[in-house]
Amino acid sequence: MSDIYRPGEIEPAIRRLWEEENAHRAESGDGERFYCLSMFPYPSGKLHMGHMRNYTISDVISRYHRMRGMRVLQPMGWDAFGLPAENAAMANGVPPAKWTRDNIEHMRGQLRQLGFAIDWERELATCDSEYYRWNQWFFLRLLERGIAYKKTGTVNWDPVDQTVLANEQVIDGCGWRTGAPVEKREIPMYYLRITDYADELLESLDDLDGWPERVRTMQANWIGKSEGAEIAFACGEDTIKVFTTRPDTLMGATFMAVAAEHPLAKRAAEDKPELAAFIAECQKGGVSEADIAVQEKKGMDTGLTAVHPLTGDELPVWVANYVLMAYGEGAIMAVPGHDERDFEFANKYGLPIRQVISLPEGREYDDRHWHDDYAAKAGQLVHSGPYDGLEWSKGFDAIVADLEKKGTGRARTQFRLRDWGISRQRYWGCPIPIIHCPDCGDVPVPEADLPVVLPEDLVPDGSGNPLNRHAEFLDTDCPKCGRAARRETDTMDTFVDSSWYFLRYTGPDNDAAMVDERADQWMPVDQYIGGIEHAILHLLYARFWTKLMRDEGLVSVGEPFKRLLTQGMVLAETYYREDASGRKVWFNPADVEVQRDGKGAILSAVLKDDGEPVEPGGIEKMAKSKNNGVDPQALVNTYGADTVRLFSMFAAPPEQSLEWSEAGVEGAWRFLKRLFAGVQAHVAEGALPGRKPEGLEGAASELRTRLHETIAKVGDDMGRRQTFNTAIAAIMEFCNELQRFEPAGEAERVLAQEAWEAVVRLIAPVTPHISEALWRQLGRDGSVFDNGWPRVDEAALERASVTVVVQVNGKVRGRVDVAPGAGQDAVHEAAMADENVARHVEGKTVRKVILVPDKLLNLVVG
RNA sequence: GCCCGGGUGGCGGAACGGUAGACGCAGUGGACUCAAAAUCCACCGCCGGCAACGGCGUGCGAGUUCGAAUCUCGCCCCGGGCACCA
């Protein structure tokens, strides 16, 4: 082997070795298993740094556990259905299927080049009918069980392209391609009753102690369980049913508000053109909650009144754009005195505001200015007739009890979580296996006819789903009556695909069943790694789907992911230009020349191709849609996979988001060169594999202590803390010491060998190629990944003395060396012998002494 | 707007209530070289001081504690999610 580190030679050779030995196949059999999973990528074209980081983390964890003697499964696949393929098709006329499969081909090559220990025999792509047929099969079971059902839902409608838009495609309320104002439209869709599982999804969050607290909090808030009451208000012949979390404020209800889509609003509008116009006005704009939440609160009186169930007062019924049809009952009782949105609305339209809950001592209620404590769950009921003086929660119970007696209300639990709408009016997805028969209605495709295969040669053009114009797909016979019928052309949400792929990895070759007994052998996933952006939707749906499969008897686990590492996003600057129609065209940072001032702010940015300026669009997660993904390929070509892996792990702790910068990759490269050279220099004098050094003294003994401290730290950082950056820093630090060490005599050369062997193994999960090569050079047989993780020699950790920091009034004034475990008096005495410490204590009384054994002594004087 | 994070030298970051700035990048000075690259050595938060050392310093303001980057409250800025981007 050459004396100079040449990754271009080492890396392909080592990968060939692994391939020949089939080193990464996950074996079923004896021994502890470890299922390490990373979120599968959308095949967007090229690998970007976010992928690189995600899969490197996964590989480090996999290889670490493999070295600790476990049977590791690390699979890979492709989240291959979705919108970007249709966008690419519109842009260059390539069928989504071809575009997707070409991308997979390219990205698989990139992944292989990075040396990940992936079991490629289990690879799957969700656009393959062998995969998605099970989506269809399971959907039909859910339909039978009543978990899947049909109802109308609201979508974004582009009136020019006559097509449904994704929220992402609605920009400032207008269609992204046409620029036309978007409208809300009601269409029939299939839904899954995730709300049936709301309680279990919430409760079992408590058991997920391997999940980050913030993810559990986000999911709990998303599910949003609230205890309250359902109250019926009579309104002429009808009743308006509302849900409220604050029945204690019922006496403060001064008006009612219903959503624009509420049946009562529609009815009231029949003979009121101005109300009909207002409701039409509410149909403008997109459906996303973010859009709705920021829009100005508007409303109109319907002219109807509702009867207050306790006082008999007549309350005006309004239509309000801030009341959502999808939440609760699509109607609210407005208590402007104690709800911020109602307060704002009442002030705008001159509706009465009544305080019914007392404020803390000394606070005055001001009905012109909102204060957050108006909404606090605290205080007693006031201006509430018979309920006056009751503490708010007692008032809650009393009012609910009275409503129950009258039969106009009851206590109820409400979830913010809504049922999961899975229908998409798109071509590039899994077909929903339903046939529409003019006589029999919606008929499920018989199991024997599955899969319903998606034709792969269509090219969407932006004007709706091309399946609607594809007779070969569309025209079929009714399975019930045999007469001509049409296939459903909606496809499934891609979150369906990603809700169970981790189960399919355990038995991808089974063409007779969705999953088999191997699922229970590997599940649950021991470690799941993926972007924090999936904290809610994907992870919630995957948990839900797993429970559905459990309840169908297909798997025995109820929670799919034992431990979760949420990777921080890799961010990069975005650059764009607006074209003639005002649409933004995004440019990749690699194609932009940027000048910055001393503080890093952008002074100017021009496109390299034409030298013309581009607009900086801010720093965002690397994504296809903003074209700001940085391809690691150029770096891999220059430095090799190990350097890029090392650098991406060293740059920041995995959970933290990271603004992409290449500065620093040189440091990783230099470290590997030094490591390589250090081992060469050592083995040039002869390798001494597998021996334990005896009788070390002085610097050699100290070095061995440092070695075993490093082994302990790296093990803790990789296993428990998962802070790979600090593990690498500790290895670098020790290497710096090792390189300065000049062994004299055999015992010290044996120590050097022990140290190099340990370093090579400690860094192996991060830089597997160079480690594998150096391990063999050090005279060891077999793969470094089969030879175990270095063991800490507890005896080597013992030191003759420790340094204790001495503080006076919390400020560091000196350091003293004492015997390990020295008591307070002994350390105090030693500290007073320090000139600087003595000076700061002189003439003052020591009032308190605090000792942190072997670390710190604080003398409180005054 | 609502929910969840984050803010530490010129830069990426370390500090797991107990020495703020480990490790690395960039920079500066030096060695080697005809020269360059590579490599090696030294310095490297700000202010004062020849030094010993002292003061200040973790987005801003308050609080808890012997001790706060770390815990609590309020504010500012940045990022993620908000159900059809994945």
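In case you missed it, the structure is sitting above this.
Let me begin by describing the structure that accompanies this report. From a predicted model like this one, the values you see are computed outputs, not experimental measurements. (Residues numbered from 1 in each chain as written. Chains lettered and ligands numbered in written order. Predicted model: local features only at pLDDT ≥ 70, side-chain atom pairs only at ≥ 80, totals over all residues. Heavy atoms only, no water.)

So, about the packing of aromatic side chains. What the rule picks out here adds up to 35 aromatic pairs. Taking 6.2 Å as the distance between ring centres and 65° as the angle between the ring planes, the aromatic pair formed by Trp18 and Phe785 counts as edge-to-face. Here Trp18, found in helix H1 (residues 7–20), pairs with Phe785, found in the loop between helix H24 (768–777) and strand E32 (802–808); they are 767 residues apart in sequence, far enough to count as distant. Side by side, Trp18 and Phe785 carry an identical accessibility label, which is buried. The interplanar angle of 50° and the centroid separation of 4.8 Å between the aromatic rings of Phe345 and Tyr349 together place this pair among those described as tilted. Remark: Tyr349 and Phe345 occur in helix H11 (residues 340–349); sequence separation between them is four residues, near one turn of the helix. Judged by its relative accessible area of 1%, Phe345 falls in the buried class. (Phe/Tyr/Trp six-rings, centres within 6.5 Å; stacked < 30°, edge-to-face > 60°. Helix = DSSP H or I, 4+ residues; strand = E, 2+ residues; numbered from the N terminus. Buried < 20%, exposed > 50% of the residue type's maximum accessible area, 1.4 Å probe, protein only.)

We now examine the protein's contact with RNA strand B. Taken together, 78 residues form the shell around RNA strand B, and within it Asp79, Arg424, Gln425, Arg426 and Arg815 come nearest. Expressed as a percentage, the sugar and phosphate content of the atoms of RNA strand B within 4 Å of the protein is 63%. Here the surface near RNA strand B gets six residues from one element, more than from any other, and that element is helix H22 (residues 724–740). Here the residues of the surface near RNA strand B are counted per class, giving 32 nonpolar, 21 polar and 25 charged. (Near = heavy atom within 4 Å. Nonpolar A, V, L, I, M, F, W, Y, C, P; charged D, E, K, R; others polar.)

Now for the state of the cysteines. Applying the stated criterion across every chain yields a total of zero disulfides. Summary of cysteine pairing: Cys174 is not part of a disulfide, and the nearest cysteine sulfur, belonging to Cys282, is at 17 Å. Owing to a relative accessible area of 23%, Cys174 belongs among the partly exposed residues under this scheme. (Disulfide = S-S within 2.5 Å.)

Next up on the list: the layout of surface pockets. Looking at the second largest pocket, its volume works out to about 370 Å³. Gln425, Asn468, Glu488, Thr489 and Asp490 are the residues nearest the centre of the second largest pocket, which is lined by 21 residues in total. The set of elements that each furnish at least two residues to the lining of the second largest pocket consists of strand E5 (148–158), strand E6 (163–165), strand E9 (183–192) and strand E22 (484–487). Of all the elements, E9 adds the most residues to the lining of the second largest pocket, at four residues. (1 Å grid on protein atoms, 1.4 Å probe; cavity = no way out; pocket = protein on both sides within 12 Å on 5 of 7 lines; lining within 4 Å. Points joined across faces, edges and corners; volume = space filled by probe spheres on them.)

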